[in-house]
Structure formats: C-alpha cells, structure tokens
Amino acid sequence: MKLTALVTAMFVLALSACDKKPSQEPFIPTPVFESSDNLPPGHPPVDSAGQTTTLSDAAEAAQTQTAKVVSTIDIPQFTYIEVRQNNQTRWLAAATIAVKKGDIIEFDAGSTIPDFKSKTLDRTFPGMTFVNHATIKKGN
C-alpha cells in the first residue's frame, strides 16, 4: 500500500513539474553567410539579404526538359502524358493538367518506374516517369 502511494505521489509530482508547454512555432535557425563564395558547390544563389532562391524559382529551374505531346489519359488527380522527345516516345505522369495532342510541355526529370501497372486503367506501361511539375510551353 505504501509503495502504491509512493509511486502515485511521484507520478503526480512528475506531472506537475511538466507544466511548461512547448513553443507553438518550430525553431528555425537563421543561416549566417559572410559571402556567397563560402557556399557549398551546387547551392542556390543567395541574395543580399542572405536568402536563397524561393521554391517556385527552384521549381522553374528544375523544368529543364521539353517534349511534344502525342496523347493524354486523364485519371483522378493525374494526367498520363505520352510525349515524343529526341525521336523517342515515353510516358509521364503529372498532376492534372489540361494538355492536348500537339502541345509542347516543359517538365522536370522526375522519377521513372519501369513496367508501371496502372490499377485505375488496368494497363501496364513500359515505363512511367512521375514528374513534380509540368507546364504547357506552347499550345497547339
């Protein structure tokens, strides 16, 4: 009985000692750079305020490939895009985008899955490159 009372007292004491609540905002350290010469290779440029390029700037820079749309298949949340690039055809999967045959699109390198099986279409593609960003560069 004494042991139960002692354990309960210690538990209550421990809980009362933990009344400090964590900060609602996460701690994000501010980097300090003396000059952009000290940045590691491949680091995005730093402006005069010490800020790196924005995510949207980085996303635009990542859209380095261009191809012509051959065909499209829309499924919920994605558009499968068959493109012709360097005299070869390949399939891309991007967030839903209103592209049509003949459009020229820009996209990032993405990640390719060979022999991709679409459960929605019950179809296997020879390869599917999932891209983060695809934009219409020139409409049909």
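Higher on the page you've got the structure.
Procedures and definitions
- Per chain, the residues get numbers from 1 upward, laid out in the order the sequence is written.
- In keeping with the predicted nature of the model, local features appear solely for residues at pLDDT of at least 70, side-chain atom pairs appear and are counted solely at 80 or more, and the whole-chain, interface and lining totals rest on all residues.
- Hydrogens and water are ignored here; the side-chain numbers use all heavy atoms of the structure.
- Think of it this way: any DSSP run of H or I at least four residues long counts as a helix, any run of E at least two long counts as a strand, and we number them from the N terminus.
- A contact between two residues is defined here by any heavy atoms of the two lying within 4.5 Å.
- Side-chain atoms alone can form a polar contact between residues adjacent in sequence; in general such a contact is a pair of N or O atoms within 3.5 Å, and within protein one must be able to donate a hydrogen while the other accepts it.
- Each residue is placed in one exposure class: buried if its accessible area under a 1.4 Å probe, protein chains only, is under 20% of its type's maximum, exposed if it is over 50%, and partly exposed if it falls in between.
- What counts as a ring pair is set by centres within 6.5 Å for rings of Phe, Tyr and Trp (its six-membered ring), and what kind of pair is set by the plane angle: stacked under 30 degrees, edge-to-face over 60, tilted for all other angles.
- Within this document, salt bridges are pairs made up of a side-chain nitrogen of Lys or Arg and a carboxyl oxygen of Asp or Glu, the two lying within 4 Å of each other.
- Two strands are counted as paired when DSSP detects at least two bridges linking them.
- To obtain an axis, a line is fitted to C-alpha atoms, over the contacting stretch when the element is a helix, and the angle between two such axes runs from 0 to 180 degrees between their N-to-C directions.

Participant: Summarise the environment of Asp-74; cite the residues concerned and give the values.
Facilitator: Inspection of the secondary structure puts Asp-74 in strand E1 (residues 65–75). In this structure the C-alpha to C-alpha distance between Asp-74 and Ala-95, which are 21 residues apart in sequence, comes to 9.8 Å. Ignoring any residue separated from it by four or fewer positions in sequence, one finds Asp-74 in contact with Thr-79 and Ile-97. Here Thr-79 takes part through its side chain, which lies 2.8 Å from a polar atom of the side chain of Asp-74.

Participant: Give a detailed account of unusual backbone geometry, specifying residues and quantitative values.
Facilitator: Non-glycine residue Gln-77 carries a positive phi angle of around 75 degrees. Note that Gln-77 resides in the loop between E1 and strand E2 (78–85). Phi at Asp-115 is positive, roughly 45 degrees, even though this residue is not glycine. If you trace the backbone, Asp-115 turns up in strand E5 (residues 111–118). Accessibility expressed as a relative area gives 58% for Asp-115, which makes it exposed.

Participant: Which residues make up the packing of aromatic side chains, and what values go with them?
Facilitator: Within the structure shown, the criterion is met by five aromatic pairs. Ring centres of Phe-78 and Phe-130 lie 6.1 Å apart, and the angle between their planes is 85 degrees; on these two criteria the pair is classed as edge-to-face. Pair noted here: Phe-78 is in strand E2 and Phe-130 is in strand E6 (residues 123–130), with a separation of 52 residues, a long-range link. Using a relative accessible area of 31% as the deciding quantity, one classes Phe-78 as partly exposed. Taken together, a centroid distance of 6.2 Å and an interplanar angle of 85 degrees make the contact between Tyr-80 and Phe-116 edge-to-face. Residue Tyr-80 is found in strand E2, and its partner Phe-116 is found in strand E5; the two are separated by 36 residues along the sequence. An identical accessibility class is assigned to Tyr-80 and Phe-116; each is buried. Every member of this aromatic cluster is reached through a ring pair, and the members are Phe-78, Tyr-80, Trp-91, Phe-116, Phe-125 and Phe-130.

Participant: Tell me about the pattern of salt bridges, residues and numbers included.
Facilitator: Counting across every chain of the model gives three salt bridges. Lys-137 is paired through a salt bridge with Glu-106; the nearest N and O atoms lie 3.9 Å apart. Separated by 31 residues along the polypeptide, Lys-137 in strand E7 (residues 134–138) and Glu-106 in strand E4 (residues 104–107) bring together distant segments of the chain. For Glu-106, a relative accessible area of 23% translates into the label partly exposed. For the salt bridge of Lys-117 with Asp-122, the shortest nitrogen-to-oxygen distance reads 2.7 Å.

Participant: How would you sum up the sheet that holds E2? Please name residues and give values.
Facilitator: Strand pairing in a sheet is mediated by backbone hydrogen bonds. Such pairs are either parallel or antiparallel. Strand order in the open sheet made by the seven strands is E5-E6-E3-E2-E1-E4-E7, with mixed pairing throughout. Whereas interior strands pair on both sides, the edge strands pair on one side only; in this sheet they are E5 and E7. Adjacent strand axes in the sheet meet at a mean angle of 45 degrees when their direction is disregarded. Summarising the sheet, E4 and E7 pair through four bridges and their orientation is antiparallel. Within the sheet, the bridge partner assigned to Ile-105 lies in E7 and is Ile-136.

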